[in-house]
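Analysis of the macromolecular model
Below are the chains, spelled out letter by letter.
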Amino acid sequence: MRNGFRWMAIGLTAGLTAAVLLTGCAREASVEATTVQEPPATTEAAEPDIIIRSDPETKKEDTQNLPAFYLPEERTEENGMIRSYLTGQMVETAKGNRRPAAVMMSNDKEARPQYGINRAGVVYEAPVEGGMNRYMALIEDYDNLERIGSVRTYYTYFAREFDAVYVHFGQSTFAKPYLKNVDHINGLEAIGDLAFYRTKDKKSPHNAYTSGDRITASIEKLGYTPSYAPSYKGHYLFARDGREASLTERPGVMDAGTAKTGYIMNQAYFVYDPSDGLYHRYQYGGIHQGDEGPVAVKNVIFQYCQTGHYATTDYLDINVHTTECGYFMTDGKAIPINWEKDGEFGPTRYFDANHDEVVLNQGKTWVCIIPTRDFAKSEIIGNEDTQ
């Protein structure tokens, strides 16, 4: 049986809490998207235990009294490896300690495949004008990539949340004032000849690419700090090694075999595969292929945002500051969430109906930014309906 979002928000066992959580998404988006409202007051609740599934063989004695997720102060180098801020997995220290590149990628059919997208630890997808979508791929493992990529104001905020260097070829007129808020490499500025190059296998504007070497050289040329700021403590909470963050006991939990975004043009959706524990992505009527194979991720987030337009143009203004609702999906399950941004440039945190922060499973994460006015177009379908 197909379960639409609205039905699920009121029909499950924990329906009352889920319904309260999702009220904001069911309404029409505010026209004045840049007006920041105070988030709704939340009731203080006792901190519940985080429910996890643990493998006894991989459980370590010295972690029994620690929370089920890693704390920022635990991030230390071990044998040339350190925990990634993007995936929660151990990576080479040189890669894990440097700021990721937040590379803008087109999703036009003519621009595919997106080069480098399979290497991204986190991908943000958001609509732009004309029903099109754009990606911002956060990549820390870009050294040997020879092709990467193919801006809107809200993407600069996303890049800043990860202390990333924002890499883009051009921008909308309305985005220019926001670029000063983030270290960026712009293909239309003087650095463009060093940072980007054009290929002959595609027509302009879909043939502009960067590379790992060009990003590194551009960061040095512009004088940007290559390493994370000392004050940066990461974005997500990740489950510990050998443990899996389960949603089974979270309020409003539901099966999530398929998650449909409701995006108009690319008709993107995710299908959970129990054999590998990943959500495989589809769009334009087929498998989403990157240059290194099909795209699949461990965690999926639907983040609903109020939207409007700049003046009388078609350019979207997406409000990434005013608290709204969403869904978090992992391991074939989903829960309703609220998201809250920590100040103007701080990270966005995701909370369940008890206001307990969501813990992600280690691996890649895909964040879909969806206008609240399109809430009813998105859909989560139970596992039994995908078999």
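Higher on the page you've got the structure.
Before going into details, it helps to say that this report is about the structure given with it. All figures in this text were calculated on a predicted structure; none of them were measured in a lab. (Residues numbered from 1 in each chain as written. Predicted model: local features only at pLDDT ≥ 70, side-chain atom pairs only at ≥ 80, totals over all residues. Heavy atoms only, no water.)

Let's shift gears to the overall build of the protein. A tally of regular secondary structure across the protein gives seven helices and 29 strands. Taken across its 387 residues, the protein has 55% of its residues classed as buried. Per element, the accessible surface of the protein, about 17,300 Å² overall, is 50% carbon and sulfur. (Helix = DSSP H or I, 4+ residues; strand = E, 2+ residues; numbered from the N terminus. Buried < 20%, exposed > 50% of the residue type's maximum accessible area, 1.4 Å probe, protein only. Areas by Shrake-Rupley, 256 points an atom, 1.4 Å probe, with all protein chains shown as cover.)

Pairing of strand β25 (residues 333–341) with strand β26 (residues 348–351) involves four bridges; the strand directions are antiparallel. Paired with N338 across the strands is F351, a residue of β26. The antiparallel hairpin formed by β25 and β26 contains six residues in its connecting segment, where G343 sits at a positive phi of about 75°. (Pairing = 2+ DSSP bridges.)

Let us now look at the packing of aromatic side chains. In the structure shown here, the tally under the stated rule is 17 aromatic pairs. Centre to centre, the rings of Y85 and Y228 are 4.8 Å apart; their planes meet at 85°, and the pair counts as edge-to-face. Each member of the pair Y85 and Y228 is classed as buried. One aromatic cluster in this structure is built from Y124, Y155, F158, F162, Y236 and F238. Its end group placed over the ring of Y85, R75 keeps NZ or CZ at 3.9 Å from the ring centre. Between the NZ or CZ atom of R83 and the centre of the ring of Y70, over which it lies, the distance is 3.9 Å. (Phe/Tyr/Trp six-rings, centres within 6.5 Å; stacked < 30°, edge-to-face > 60°. Lys NZ or Arg CZ within 6 Å of the ring centre and 35° of its normal.)

Glancing now at the pattern of salt bridges. Evaluated as defined, the whole model comprises 17 salt bridges. D141 is the salt-bridge partner of K95, the closest N and O atoms lying 2.9 Å from each other. One end of the pair, K95, is in helix α4 (residues 93–96); the other, D141, is in the loop between β6 (133–139) and α5 (153–161), and 46 residues separate them in sequence. By relative accessible area, K95 is classed as buried at 17%. Residue D141 is classed as partly exposed on the basis of its relative accessible area, which comes to 26%. (Salt bridge = Lys/Arg side-chain N within 4 Å of Asp/Glu carboxyl O.)

To continue, consider the nonpolar core. Of all hydrophobic cores here, the largest spans 43 residues; its most connected members are I185, F302, M329 and W366. At the level of elements, β4 (101–106), β6, β7 (165–168), α7 (212–222), β15 (269–273), β21 (299–305), β24 (324–330) and β28 (365–371) are the ones that each hand at least two residues to this core. Not counting residues within four places of it along the chain, the set of residues in contact with W366 comprises I117, V123, E125, Y135, F270, R281, H288, V295, V297, N299, V300 and I301. Counting 40 residues, the second-largest nonpolar core is a separate cluster that includes V122, Y157, Y232 and L360. (Core = buried A, V, L, I, M, F, W, Y, C linked by side-chain atoms within 4.5 Å. Contact = heavy atoms within 4.5 Å.)

As a further point, take unusual backbone geometry. Its identity as a non-glycine residue notwithstanding, Q267 has a phi of 50°, on the positive side. Here Q267 shows up in the loop between β14 (258–260) and β15. Owing to a relative accessible area of 48%, Q267 belongs among the partly exposed residues under this scheme.

If you trace the backbone, M329 turns up in strand β24. For M329, a relative accessible area of 0% gives the class buried. C-alpha separation for the pair M329 and T258, spaced 71 residues apart in sequence, amounts to 9.9 Å. With residues near it in sequence (within four places) discarded, M329 still touches A256, A259, Y279, K298, N299, V300, F302, A334 and I380.

On to the side chain of K95, then. One polar contact links K95 to D141, side chain to side chain, over a distance of 2.9 Å. Contacts of K95, omitting those with residues within four sequence positions, involve E140, D141 and D143. (Polar contact = N/O pair within 3.5 Å; in protein donor to acceptor, adjacent residues only side chain to side chain.)

A separate point is the pairing of β24. The buried fraction of β24 is high, at seven of seven residues. The side-chain alternation of β24 yields two buried faces, one formed by E324, G326, F328 and T330 and the other by C325, Y327 and M329. Across five bridges, the pairing between β21 and β24 is antiparallel. Bridging across to β24, F302 finds its partner in Y327. One ladder, built from seven bridges, connects β24 with β25; its direction is antiparallel. Paired with G326 across the strands is I337, a residue of β25. Here β24 folds back onto β25, and the loop between the two strands holds two residues, one of which, D331, carries a positive phi near 55°.

Burial in α7 covers these residues: G212, I215, S218 and I219. Looking straight down α7, one finds its buried side chains confined to an arc of 130°; they lie on one side. Exposed and oriented more than 90 degrees from the buried face of α7 are D213, E220 and K221. At its buried positions, α7 is contacted by β4, β7, β8 (184–186) and α6 (192–195). Looking one or two residues beyond α7, the residue adopting positive phi is G223, at roughly 75°. (Arc of directions from axis to C-beta.)

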